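Here's the letter readout for the chains.
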6 protein chains.
Amino acid sequence: MKMNHIIIFFFALLISSSYTFHVSSSANDFCVANLHKTPDTPSGYPCKSPTVNDFVLSGFGPGSLNKAFNVKLAKASVTELPSLNGLDISAARVDIGPNGSVPMHTHPDATELLIMVQGRVTAGFINLTEVYVKDLKPTDIMVFPKGLLHFVVNSGAGEAIAFATYSSSKPSFQFLDSVLFGNKLPTSIIAKTTLLDVSQIKKLKAKFKGTG
Amino acid sequence: MKMNHIIIFFFALLISSSYTFHVSSSANDFCVANLHKTPDTPSGYPCKSPTVNDFVLSGFGPGSLNKAFNVKLAKASVTELPSLNGLDISAARVDIGPNGSVPMHTHPDATELLIMVQGRVTAGFINLTEVYVKDLKPTDIMVFPKGLLHFVVNSGAGEAIAFATYSSSKPSFQFLDSVLFGNKLPTSIIAKTTLLDVSQIKKLKAKFKGTG
Amino acid sequence: MKMNHIIIFFFALLISSSYTFHVSSSANDFCVANLHKTPDTPSGYPCKSPTVNDFVLSGFGPGSLNKAFNVKLAKASVTELPSLNGLDISAARVDIGPNGSVPMHTHPDATELLIMVQGRVTAGFINLTEVYVKDLKPTDIMVFPKGLLHFVVNSGAGEAIAFATYSSSKPSFQFLDSVLFGNKLPTSIIAKTTLLDVSQIKKLKAKFKGTG
Amino acid sequence: MKMNHIIIFFFALLISSSYTFHVSSSANDFCVANLHKTPDTPSGYPCKSPTVNDFVLSGFGPGSLNKAFNVKLAKASVTELPSLNGLDISAARVDIGPNGSVPMHTHPDATELLIMVQGRVTAGFINLTEVYVKDLKPTDIMVFPKGLLHFVVNSGAGEAIAFATYSSSKPSFQFLDSVLFGNKLPTSIIAKTTLLDVSQIKKLKAKFKGTG
Amino acid sequence: MKMNHIIIFFFALLISSSYTFHVSSSANDFCVANLHKTPDTPSGYPCKSPTVNDFVLSGFGPGSLNKAFNVKLAKASVTELPSLNGLDISAARVDIGPNGSVPMHTHPDATELLIMVQGRVTAGFINLTEVYVKDLKPTDIMVFPKGLLHFVVNSGAGEAIAFATYSSSKPSFQFLDSVLFGNKLPTSIIAKTTLLDVSQIKKLKAKFKGTG
Amino acid sequence: MKMNHIIIFFFALLISSSYTFHVSSSANDFCVANLHKTPDTPSGYPCKSPTVNDFVLSGFGPGSLNKAFNVKLAKASVTELPSLNGLDISAARVDIGPNGSVPMHTHPDATELLIMVQGRVTAGFINLTEVYVKDLKPTDIMVFPKGLLHFVVNSGAGEAIAFATYSSSKPSFQFLDSVLFGNKLPTSIIAKTTLLDVSQIKKLKAKFKGTG
């Protein structure tokens, strides 16, 4: 008797829960991204019905090699982990080869927390004309505030490995070289707005496949 | 003449207003939820054209009885009041029978404001190891900060009635018993991560229809 | 032995918890307002060490009578309930006498949820040139979206009572009459920007103690 | 050889960038509004693939004349500049003829920054019963905090011109006269909640095409 | 000559930058926490003048042992890394011994991203009555949405190590056992609101140093 | 009699209003910055009692000349207009001489809206490897999304003038040259993380007073 009512009660809870699930419009539930349903919105992707696999990324290993800087970057953002949709956090794995580096770049609106796992690096960021540089070893953590230019240079003998986490579910990586030289931005404009020599600009445009 | 222009002017206003209405992308207008249009997004449901009934909920009376705790809960969240979409507020009505209670639960990311209307209760919440408990009577209000475990126990002779309001348009109710014992979470894992006795876990799993 | 370690462990927890308490810089804890410590900041008051009384307001009864509109307003905002600091929710009690009303007003940036408890009222709000008006009785709830002009008129025989809740810990009440006529705003400016007759303006300035 | 890899690397970047582009769920990228795709959400419109023209509005000149107040208003909000979607900023151009004014109004949840370009005006806003009024000339800037009633009166001989910017991508303009008198809100309710004379209300309802 | 002006120009920049630094009221700069200046505010600590050491935490190794669950937890939150103030991100290191676990707990309002580094674990969370459990190995990442009960059990032979990151600069750890049993919450209330047996409650209160 | 009560009522309102004023902890009021009271917090400066002058900036003319780029920049941010504190908007005036430019720079977390007033310019921004460039004339408006590199080049015969507005009350200006070359960042690190030639780096360090 009492049991019947409890069954009814929790069956009701079950209903309401799975419903809450798909249609929550508040921040106190999650909204797993439906990556196949485009377009998205300023707050993220439309929601889908979740499965445990939406919350787990397996085999988060090194990314593909970039020979220009001898670095491998692998991302765990909302496109790899759809459950991050709307939750303002993500991660990346960084493997820097000998003499390699994560080149100068910014993440607009995402703060980065770098956790050293292997090797030795020199990392830093710049705010206006203030420079913040530090040598890092495993068990060291460094913060790069949102939107500021930063870099990581392998200063050790072997490979350096670190995990980076971000205060955004999909931080973009604005690599300075590809932004300045990897496109059709006219050399004359780059020269006038950076005071870089035209010869230097053309040299790097050739390297990074830019035109104009 | 002047009138004609005014007509044109306010007709224009009318147009722009009803347009603003459906497509506003800012927080300074409202976006009535289209509940029939799924899925939603991290910021809420898609918008629909509003009518006055989207802003009014009639007959917000007691909810259905839960005999396990002798309590009735009725919600006025975005699914009952679609105009709450994106507005970060909602309400609930709580009717607690003699010896009844609102069991231990949390609302992730929603603060609760409890307004006593009838009867006597003992209510409280816990933050880490600090306990905040108080006896409440009609005309008393209590705050339960977001995400913390809280409860309300009927400490009077008759029925206790209160209105609860939340800083979310769709707060979820994470009842501790249904979360711990109303599902397929293995008894061994519950035992290891809570130190509850296996016999206690099995007893409550039976009560709350859990398995494993 | 094991016990000693557990004692140490939870004593540590106790320390860290009470510490978390006072210095939390995140939204997942609360920050009880120190009302005696001014000034505050855009996000609220400085924090104080909490006690259970900071979370409870007792005797939330009718406010003092305003004879102009035969209404009593009582607030339960952060200044009455310091635990609301930073939590984006608050409440008010509204007692409207026969033929009385809550006059036309706005709450900049705070949505209102009105819960009817006694009597009969006609309530509404206006968005641009769209009007949303409804007759309300006990067990009815109405939503007034943030920043829009709204009102509540007692349409019944006796007193009407309602609880209002807001999506802000300290909503301001911008009563149209006191904003337009209860200050030193020059009559000529009011006339030019509202097209109200000068005689009407002067009549209401006299009523609401305005000058100029 | 090295070149091939760089080509591959930046081709990869190109892919990921244009992808990031369309599906970003974070605030550190932009989401150009697809205005033809309705409905929108509380956070804004669905995103579209961007072109440079989504970021530029050409010929942002005077708006159409409103003879009631001898003022021209032109907006540059998300509907005119779809790239503003989700970016919380927009602009308007204000041309006020001799003896004209921007009538008393509010922008719920949007702060306004007024930049004077030509002429002389008297501008101000009211918070509760405090009045903030100032005479402005070109090179003056004035702030009108979100949600508060404000106005701009041409106090010079010729036309006054100003640019207004807002902390919202689509601020609504709640003109007091059209909100109070340009709709079907019953005269009896307006009279009771504002204490305006019935004759005054009827006179302005006639002027602003209101009924009831 | 030209040089002098450039010197002046960049000296000015230097001034403004270091000024921007201390007094920024926007999110596009950082505000390093002055931990010695209490109390804080809902948005975080007051700011201090930064040094590179505010951005780096060295020797982020295992925390102190908790013998109850054979686990070591070390935090890198705003109190250890003052530059995290207001930046909504932090980290923790988790070392779980054989047969150990991170006990059932919640982080109100903080999402957790768990990055496996060593060993084997079974991790999971519960939303209402839905359970999300998965076996994890190094190179696996799992997401625990904000405010939900979750756990990590060592399911391997040796020690398991993971890095956890959070979408808050100071997440609190609400361990279920210490919240329920490590304080003065009366046994009768716990029993009534959880349906746990009194004997079970008393047994765990003894274990976790609770009273009442 | 009635009058007395009204006096009392509005006197009370006056009190509460001026109180609301200083202690508001919600976003629906303003908090004028007390610039003389340091330090600030992540949400902005402490509040002060406001006067009309806190809302008005007079004589917002051209800034001082930067001969390196033949440009004058003047800011109207929270430090010049304390009422902007916490309101997420500000402005700047840009005067670009013949052949001058606003050099390549970013505003972390602030979107810019550029309103052309005089002359001809070529303006643009880059997202990853996509370039958005446009020729602008008076009455044109262009959007630069937050955190992205952008520039404005004078492409006309005479001086170009524009007003820029930002979605932040204190946007920082990260000029690429001063960030890369105007400080003590070692040449070897710049070379390794940008692939710029050492000779080019030294040349610009000399120009922008950098060392190392």
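Being a predicted model, the structure only gives us computed values, none of them experimental. (Residues numbered from 1 in each chain as written. Chains lettered and ligands numbered in written order. Predicted model: local features only at pLDDT ≥ 70, side-chain atom pairs only at ≥ 80, totals over all residues. Heavy atoms only, no water.)

Undergrad: Help me understand the interface of chain A and chain E, please; the structure alone is not making it clear to me.
TA: Accessible area lost on assembly of the parts is the figure often given for the size of an interface. Between chain A and chain E, the contact holds 51 residues from the first and 51 residues from the second. At the boundary of chain A with chain E, total buried surface from both sides reaches about 4,400 Å², with 72% on carbon and sulfur atoms. Put simply, chain A and chain E have 0 salt bridges between them. If you look at where chain A meets chain E, you find 12 residue pairs in polar contact (both at pLDDT 80 or more). Within the residue set of the side of chain A that touches chain E, elements represented by two or more residues are α1 (2–23), β1 (56–57), β4 (90–96), β6 (112–118), β7 (121–127), β8 (130–136), β9 (141–144) and β11 (160–166) of chain A. Its residues placed into classes, the side of chain A that touches chain E shows 31 nonpolar, 14 polar and 6 charged. As judged from the 2 bridges shared by β9(A) and strand β1 (residues 56–57) of chain E, these two strands associate in the antiparallel manner. Of the residues in β1(E), the one forming a bridge with Ile141(A) is Leu57(E). (Contact = heavy atoms within 4.5 Å. Buried area = accessible area lost by both parts, 1.4 Å probe. Salt bridge = Lys/Arg side-chain N within 4 Å of Asp/Glu carboxyl O. Polar contact = N/O pair within 3.5 Å; in protein donor to acceptor, adjacent residues only side chain to side chain. Helix = DSSP H or I, 4+ residues; strand = E, 2+ residues; numbered from the N terminus. Nonpolar A, V, L, I, M, F, W, Y, C, P; charged D, E, K, R; others polar. Pairing = 2+ DSSP bridges.)

Undergrad: Would you mind showing me how to read the sheet that holds strand β3 (residues 71–76) of chain F here?
TA: Two modes of strand pairing occur in sheets, parallel and antiparallel, and in both the strands are linked by backbone hydrogen bonds. Taken in spatial order, the 7 strands of this open sheet run β1(D)-β9(F)-β6(F)-β11(F)-β4(F)-β3(F)-β2(F), and their pairing is antiparallel. Each edge of the sheet is formed by a strand with only one pairing partner; in this case those strands are β1 (56–57) of chain D together with β2 (65–66) of chain F. Of the pairings in the sheet, the one linking strand β4 (residues 90–96) of chain F to strand β11 (residues 160–166) of chain F comprises 7 bridges and is antiparallel in character. Opposite Ser90(F), over in β11(F), you have Tyr166(F) as the bridge partner.

Undergrad: What is the right way to look at the interface of chain F and chain A in this model?
TA: Of the residues lining the interface, 46 residues belong to chain F; the matching set on chain A comes to 45 residues. Taking both partners together, chain F and chain A bury about 3,900 Å²; carbon and sulfur atoms supply 66% of that area. Summed over the three residues of chain F that lose the most area to chain A, namely Lys192(F), Thr193(F) and Leu195(F), the buried surface amounts to 16% of that side. The interface formed by chain F and chain A includes 2 salt bridges. Taken together, the residues of the side of chain F that touches chain A break down into 23 nonpolar, 15 polar and 8 charged.

Undergrad: Explain the relation of the copies chain A and chain E to me, please; I cannot follow it from the model alone.
TA: In this structure, two copies of a chain are linked by a rotation about an axis accompanied by a shift along it. For the pair chain A and chain E, the superposition axis carries a translation of 0.0 Å, the fit reaches an RMSD of 0.0 Å, and the rotation angle comes to 180°. Within this description, the copies of the chain are treated as partners about a two-fold rotation axis. No C-alpha of chain A approaches the rotation axis more nearly than that of Ser167(A), which lies at 3.2 Å. The fraction of interface residues of chain A whose copies in chain E are also interface residues reaches 100%, indicating that both copies meet through the same surface. (Least-squares fit on C-alpha atoms with pLDDT ≥ 70 in both.)

Undergrad: Looking at this structure, how should I read the packing of aromatic side chains?
TA: Two descriptors summarise a pair of aromatic rings, namely the distance from one centre to the other and the angle between the planes of the rings. Residues and elements named next belong to chain F. Under the defined criterion, the tally for this structure stands at 64 aromatic pairs over all chains. Judged by centre distance (6.5 Å) and plane angle (20°), the rings of Phe60 and Phe163 are stacked. Of this pair, Phe60 sits in the loop between β1 (56–57) and β2 while Phe163 sits in strand β11, and the two are 103 residues apart along the sequence. What makes Phe60 buried here is its relative accessible area of 4%. (Phe/Tyr/Trp six-rings, centres within 6.5 Å; stacked < 30°, edge-to-face > 60°. Buried < 20%, exposed > 50% of the residue type's maximum accessible area, 1.4 Å probe, protein only.)

Undergrad: Looking at this model, I keep getting lost on the packing of helix α3 (residues 187–194) of chain E against helix α4 (residues 198–207) of chain E. Mind explaining?
TA: Between two packed helices, both the angle of their axes relative to each other and the distance between the axes serve to describe the pair. Residues and elements named next belong to chain E. In contact at an axis separation of 10 Å, α3 and α4 are set at 125° when each is read in the N-to-C sense. Our classification of the angle between α3 and α4 gives oblique. Between α3 and α4 lies a crossing whose hand is right-handed. Between α3, through Thr187, Ile190 and Ala191, and α4, the contact on the second element is made entirely by Val198, Ile201, Lys202 and Lys205. (Axes fitted to C-alpha atoms, helices over the stretch in contact; angles between N-to-C directions. Parallel < 35°, antiparallel > 145°, perpendicular 65-115°, else oblique. Left-handed = near helix turned anticlockwise from the far one by under 90°.)

Undergrad: What is the right way to read the relation of the copies chain F and chain A from this model?
TA: Mapping chain F onto chain A is achieved by rotating through 180° and translating by 0.0 Å along the same axis, at an RMSD of 0.0 Å. A high fraction, 98%, of the interface residues of chain F reappear at the interface in chain A, so the copies pair face to face through one surface.

Undergrad: I'm lost on the sheet that holds strand β4 (residues 90–96) of chain C in this one. Help?
TA: Pairing is antiparallel across the open sheet formed by 7 strands, whose spatial order is β1(B)-β9(C)-β6(C)-β11(C)-β4(C)-β3(C)-β2(C). Two strands in the sheet have a free side with no partner beyond their single neighbour: β1 (56–57) of chain B together with β2 (65–66) of chain C.

Undergrad: I tried to follow the UniProt feature "binding site: Mn(2+)" (unreviewed entry) in chain A on my own but got confused; where do I start?
TA: Residues and elements named next belong to chain A. Under the UniProt annotation, "binding site: Mn(2+)" (unreviewed entry) lies at His105, His107, Glu112 and His150. In terms of the greatest pairwise C-alpha distance, the residues named above, spread along 46 residues, form a tight cluster of at most 11.7 Å across. Along the polypeptide, His105 turns up in strand β5 (residues 101–106). For His105, a relative accessible area of 2% translates into the label buried. Those residues in contact with His105 that lie beyond four places of it in its chain are Glu112, Leu148, Leu149, His150, Phe173, Gln174, Phe175 and Leu176. From its side chain, His105 meets the backbone oxygen of Pro103 in a polar contact 2.7 Å long. For Glu112, the position within the fold is in strand β6. Judged by its relative accessible area of 4%, Glu112 is buried. Residues within four places of Glu112 in sequence aside, it is in contact with His105, His107, Met142, Val143, Phe144, His150, Ala164, Thr165 and Tyr166. A polar contact is formed between the side chain of Glu112 and the side chain of His107, at a distance of 3.0 Å. (UniProt positions renumbered as here; feature names shortened; annotations may be inferred.)

Undergrad: Help me out: how do you make sense of the confidence of the model for chain A in this one?
TA: All names here are of chain A. Here chain A averages 87 in pLDDT, and 85% of its residues register 70 or above. For the stretch residues 1–28, pLDDT sits under 50, and the model shows 61 contacts to residues farther than four places along the chain or on other chains. Interface confidence for the predicted complex, given as ipTM, is 0.86, next to a pTM of 0.88. (pLDDT = per-residue confidence, 0-100.)

Undergrad: Even after reading the chapter, I still don't get the environment of Thr211(D), so can you show me in this structure?
TA: Residue and element names in this part refer to chain D. Position of Thr211 among the secondary structure elements: in the segment after α4 (198–207). Along the chain, Thr211 and Thr187 lie 24 residues apart, while their C-alpha atoms are 8.4 Å from each other. With near-sequence residues (within four places) excluded, Thr211 lies in contact with Asn183, Lys184, Leu185 and Lys205.

Undergrad: What should I look at first to understand the state of the cysteines in this one?
TA: When the sulfur atoms of two cysteines share a covalent bond, that bond is a disulfide. All names here are of chain C. Under the criterion given, the structure shown has 6 disulfides over all chains. Each sulfur of the disulfide joining Cys31 and Cys47 lies 2.0 Å from the other. With the S-S dihedral at roughly -105°, the linkage between Cys31 and Cys47 falls on the left-handed side. With a gap of 16 residues between them, Cys31 in the loop between α1 (2–23) and β1 (56–57) and Cys47 in the loop between α1 and β1 connect regions that are remote in the sequence. With a relative accessible area of 5%, Cys31 lands in the buried category. A relative accessible area of 5% means that Cys47 is categorised as buried. (Disulfide = S-S within 2.5 Å.)

Undergrad: Would you take a moment to explain the pattern of salt bridges for this structure?
TA: Any two side chains of opposite charge can pair, on the condition that their charged atoms come close. The tally for this structure, following the rule as stated, stands at 30 salt bridges over all chains. Note that Lys146(B) and Asp109(B) form a salt bridge whose closest N and O atoms lie 3.6 Å from each other. Taken together, the residues span a long stretch of sequence, with Lys146(B) in the loop between β9 (141–144) and β10 (150–154) and Asp109(B) in the loop between β5 (101–106) and β6 (112–118) at a distance of 37 residues. Grouping residues by exposure puts Lys146(B) and Asp109(B) together as buried. When the shortest N-O distance is used, the salt bridge between Asp197(B) and Lys203(E) registers 2.9 Å. Remark: Lys203(E) occurs in helix α4 and Asp197(B) occurs in the loop between α3 (187–194) and α4 (198–207); the pair is interchain, linking two chains. When its relative accessible area of 23% is taken as the criterion, Asp197(B) is described as partly exposed. Among the residues examined, Lys203(E) registers a relative accessible area of 48% and is labelled partly exposed.

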